[in-house]
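Next come the chains, spelled out residue by residue.
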Amino acid sequence: MIELRSGEVVLRVDPTDGGRIVSLIVRGVERILPKARARATAPPIYWGCYPMVPWPGRLAEGRIPTDDGEVRLEPNLPPAAIHGLGFDKPWDVVERTATAVTMACDMRGLGWPFGGRARQTLRIGSSSLDLELEVGEYKRPGPAGLGWHPWFARPRIGDLAVRLDASEVLVVDADLVPTGAVRAVTKHEDLRSGPALGDRRLDHVYVRAKSPALVGWPDLDLAIEFGDSLNTVVVHTPSEGVCVEPQTMWPNAPLLAARGITGSGLRMLEPGESLRASERWTWRAA
């Protein structure tokens, strides 16, 4: 376990467990859902904050069309392959200081044939956390997408609020896989006013979202600042925690692009190319 500190802010990272953030303590309160309070099911995607690489979200039946024929990955959350290849593997620590850590991980498993290596850096400050992620070194042309999957802890007293400036979501099928269609948000799904979540249960892909997103506890407001390339944002609000996930491409983007659907953010990497993304969390007392 790696512990980074800046003043009273403490960030704990476990390189051996998906290179994920396992704890973020701000103003003496845990802001990240710990493993002990998460669903104890496989795959290990229901706690902490982990990078999604080399793709975010679901790939329907693990299908990736390519110029050389269709690749079919092994579903790790049947019937889909979900959230990439980094969350269940150990990451190598490349560099570490008192306030930052850089880790790297080879992209392998589930029948992934494209190779590649991911690199991430986490840097803590007294009122901010910078997250940087990159993937490259493919051995053949293949799809690439990046994102982060934070599980924010719900407060023991009071409620969480989420604000996201987005007016459209993707239409999904019964397996929560996007079909390629886009529709307007309903009143229940509209987060532009920053509503308290209450019993609102969402698992939605918001598109063309504008930075920042805001997660609000009774005592703290946390802003997630992201660039234009991360304007697809999944918001998931089960009872145990809340996820706000900026990412560079839609879930199921390779299959949608093969059907002629544009605007998914899919990037096809050639050997020698790389894809980078970054976001910043900042917080202040509510």
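Preceding block: the structure.
Residues numbered from 1 in each chain as written. Predicted model: local features only at pLDDT ≥ 70, side-chain atom pairs only at ≥ 80, totals over all residues. Heavy atoms only, no water.

What to know about the pairing of strand β22 (residues 220-226)
Line of reasoning, step 1. For β22, the buried fraction is high: five of the seven residues fall into the buried class.
Line of reasoning, step 2. Alignment of strand β21 (residues 210-216) against β22, held across four bridges, turns out to be antiparallel. Opposite alanine 213, over in β22, you have isoleucine 224 as the bridge partner.
Line of reasoning, step 3. The turn joining β21 and β22, which pair antiparallel and follow one another in sequence, is formed by three residues.
Line of reasoning, step 4. With seven bridges connecting them, β22 and strand β26 (residues 274-285) associate as antiparallel partners. (Buried < 20%, exposed > 50% of the residue type's maximum accessible area, 1.4 Å probe, protein only. Helix = DSSP H or I, 4+ residues; strand = E, 2+ residues; numbered from the N terminus. Pairing = 2+ DSSP bridges.)

Some remarks on unusual backbone geometry
Line of reasoning, step 1. Here the amide bond leading from valine 53 into proline 54 is cis, since omega sits at 5°, within 30 degrees of zero.
Line of reasoning, step 2. Relative to the helices and strands, proline 54 is located in the loop between β5 (49-52) and β6 (58-60).
Line of reasoning, step 3. Residue proline 78 is joined to proline 79 through a cis peptide bond whose omega torsion reads 10°.
Line of reasoning, step 4. With respect to the secondary-structure elements, proline 79 resides in the loop between β8 (69-72) and β9 (80-82).
Line of reasoning, step 5. The phi angle at arginine 27 is positive, at roughly 55°, despite the residue not being glycine.
Line of reasoning, step 6. Looking at the secondary structure, you find arginine 27 in the loop between β3 (20-26) and β4 (29-30).
Line of reasoning, step 7. One non-glycine residue with positive phi stands out, namely histidine 83, at about 65°.

Considering the packing of aromatic side chains
Line of reasoning, step 1. The tally for this structure, following the rule as stated, stands at seven aromatic pairs.
Line of reasoning, step 2. Note on tryptophan 112 and tyrosine 138: the rings are 6.1 Å apart at their centroids and 85° apart in plane angle, and the pair reads as edge-to-face. Of the two residues, tryptophan 112 is situated in the loop between β11 (100-106) and β12 (115-124) and tyrosine 138 in strand β13 (residues 128-138); the sequence distance between them amounts to 26 residues. Each member of the pair, tryptophan 112 as well as tyrosine 138, carries the same accessibility label: buried.
Line of reasoning, step 3. Plain terms: the ring middles of phenylalanine 152 and tryptophan 281 are 5.3 Å apart, the flat faces sit at 55° to each other, and that makes the pair tilted. Linking phenylalanine 152 in strand β16 (residues 152-153) with tryptophan 281 in strand β26, this pair joins segments that are 129 residues apart in sequence.
Line of reasoning, step 4. By relative accessible area, phenylalanine 152 is classed as buried at 0%.
Line of reasoning, step 5. What makes tryptophan 281 buried here is its relative accessible area of 0%.
Line of reasoning, step 6. Through a chain of ring-to-ring contacts, the aromatic side chains of Trp55, Trp112, Phe114 and Tyr138 assemble into a single cluster.
Line of reasoning, step 7. When the ring centre of tryptophan 217 is taken as origin, the NZ or CZ atom of arginine 31, which lies over that ring, is 5.1 Å away. (Phe/Tyr/Trp six-rings, centres within 6.5 Å; stacked < 30°, edge-to-face > 60°. Lys NZ or Arg CZ within 6 Å of the ring centre and 35° of its normal.)

Any functional reading would require information beyond the geometric quantities listed.
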